[in-house]
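An overview of the molecular structure
As a plain string of letters, each chain reads:
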Amino acid sequence: MSSSPLLVRADQAETVQDGALSLITLLADAGATDGAVTANRATFAKGSPGAPAHFHTKATEVFLVLDGTMRFLVGDEVRTLGTGDFLTVPPTVPHAFAPAPDSTAELLVLFTPGLHRFDYYRLLERVYRGEADIEEIRASSELYDNHYFASPVWQEELRRTAPATA
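Okay, so let's go over this structure. (Residues numbered from 1 in each chain as written. Predicted model: local features only at pLDDT ≥ 70, side-chain atom pairs only at ≥ 80, totals over all residues. Heavy atoms only, no water.)

Some words on the nonpolar core
Generally speaking, nonpolar side chains in soluble globular proteins are found buried as a group. Quick reminder of the rule: To form a nonpolar core, buried Ala, Val, Leu, Ile, Met, Phe, Trp, Tyr and Cys residues must be joined to one another through side-chain atoms within 4.5 Å. For the exposure calls, accessible area comes from a 1.4 Å probe over protein chains only, and a residue counts as buried if that area is under 20% of its type's maximum, exposed if over 50%, partly exposed in between. For this analysis, residues touch if any pair of their heavy atoms sits within 4.5 Å.
Core analysis: the biggest nonpolar cluster contains 29 residues, and Phe63, Met70, Phe72, Phe97, Leu107 and Tyr121 have the highest contact counts within it. What phenylalanine 72 contacts, discounting residues up to four positions off in sequence, is Phe63, Val65, Glu77, Val78, Arg79, Leu81, Leu87, Ala96, Phe97, Leu107 and Trp154. Judged by nonpolar contacts, the second largest core, of 5 residues, contains Ala53, Leu73, Ala96 and Trp154.

Have a look at this one:
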């Protein structure tokens, strides 16, 4: 365990943009907490696609909705969570998340035990900026314990709630 507390001031936290409509504020990586926890704050604008269907094999992912309304895929169920709601997703359980239609949202996201994920979030930003290829994300699935897959349930949820196009 870490022999000293970790304090991250809001104005000193690194923020990365992982898409046009979402930001990730990096709070604590596994190296700073002796592997106890990894923490970030995720901020979603209306219409953000959020995180696609995926699972982790080594850690539980924990979510606290700080503001707004979020949709979560958990296994084969879609659940809606609002401000103050809390969710834990154990290893190997498929999940995805995005703000509810017409909602902005903010989440506190924790992994326990901690995973070295900050470079993964930075990779997402580089892909968004066109400085890296999406294949790098696929190739890093074992390194960052982020395993994507196609979920018909989540794809249908996103299709069903997509804004109508003219």
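Still to come is the rest of the account.
Notes on the packing of aromatic side chains
This is how it is decided: Each Phe, Tyr or Trp ring (for Trp, its six-membered ring) is paired with any other whose centre lies within 6.5 Å, and the angle between the two planes then decides the class: stacked below 30 degrees, edge-to-face above 60, tilted in between. Segments assigned H or I by DSSP are reported as helices when at least four residues long, segments assigned E as strands when at least two residues long, and all are numbered from the N terminus.
Applying the stated criterion to the full structure yields 7 aromatic pairs. Measuring from centroid to centroid gives 6.2 Å for phenylalanine 44 and phenylalanine 97, while their planes differ by 75°, and the two rings are edge-to-face. On the criterion of sequence distance, the pair formed by phenylalanine 44 in strand E3 (residues 38-44) and phenylalanine 97 in strand E8 (residues 95-99) is long-range, its members being 53 residues apart. Across the pair, exposure class does not vary: phenylalanine 44 and phenylalanine 97 are buried alike. When the ring of tyrosine 120 is compared with that of tyrosine 144, the centres are 5.6 Å apart and the planes differ by 50°; the resulting orientation is tilted. Taken together, the residues tyrosine 120 in helix H1 (residues 118-128) and tyrosine 144 in helix H3 (residues 141-144) connect sequence positions 24 residues apart. Note on tyrosine 120: relative accessible area 3%, which makes it buried. Chaining the aromatic ring pairs together yields one cluster made of Phe44, Phe63, Phe72 and Phe97.

A look at H1
When we look at burial in H1, the residues that qualify are Phe118, Tyr120, Tyr121, Leu123, Leu124 and Glu125. Of the residues flanking the end of H1, it is glycine 130, one or two places downstream, whose phi is positive at about 80°.

A short note on the side chain of histidine 56
In plain terms, the rule: Identification of polar contacts relies on pairs of N or O atoms within 3.5 Å, with a donor-acceptor requirement for protein atoms, meaning one able to donate a hydrogen and the other able to accept it, and with residues adjacent in sequence counted only if both atoms are side-chain atoms.
By the secondary structure assignment, histidine 56 is in the loop between strand E4 (51-55) and strand E5 (60-74). On the accessibility criterion, histidine 56 (2% relative accessible area) is buried. A distance of 3.4 Å separates polar atoms of two side chains, one belonging to histidine 56 and the other to asparagine 146. Once residues lying within four places of it in the same chain are set aside, the contact partners of histidine 56 are Glu61, Pro91, Thr92, His95, Phe111, Arg117, Asp145, Asn146 and His147.

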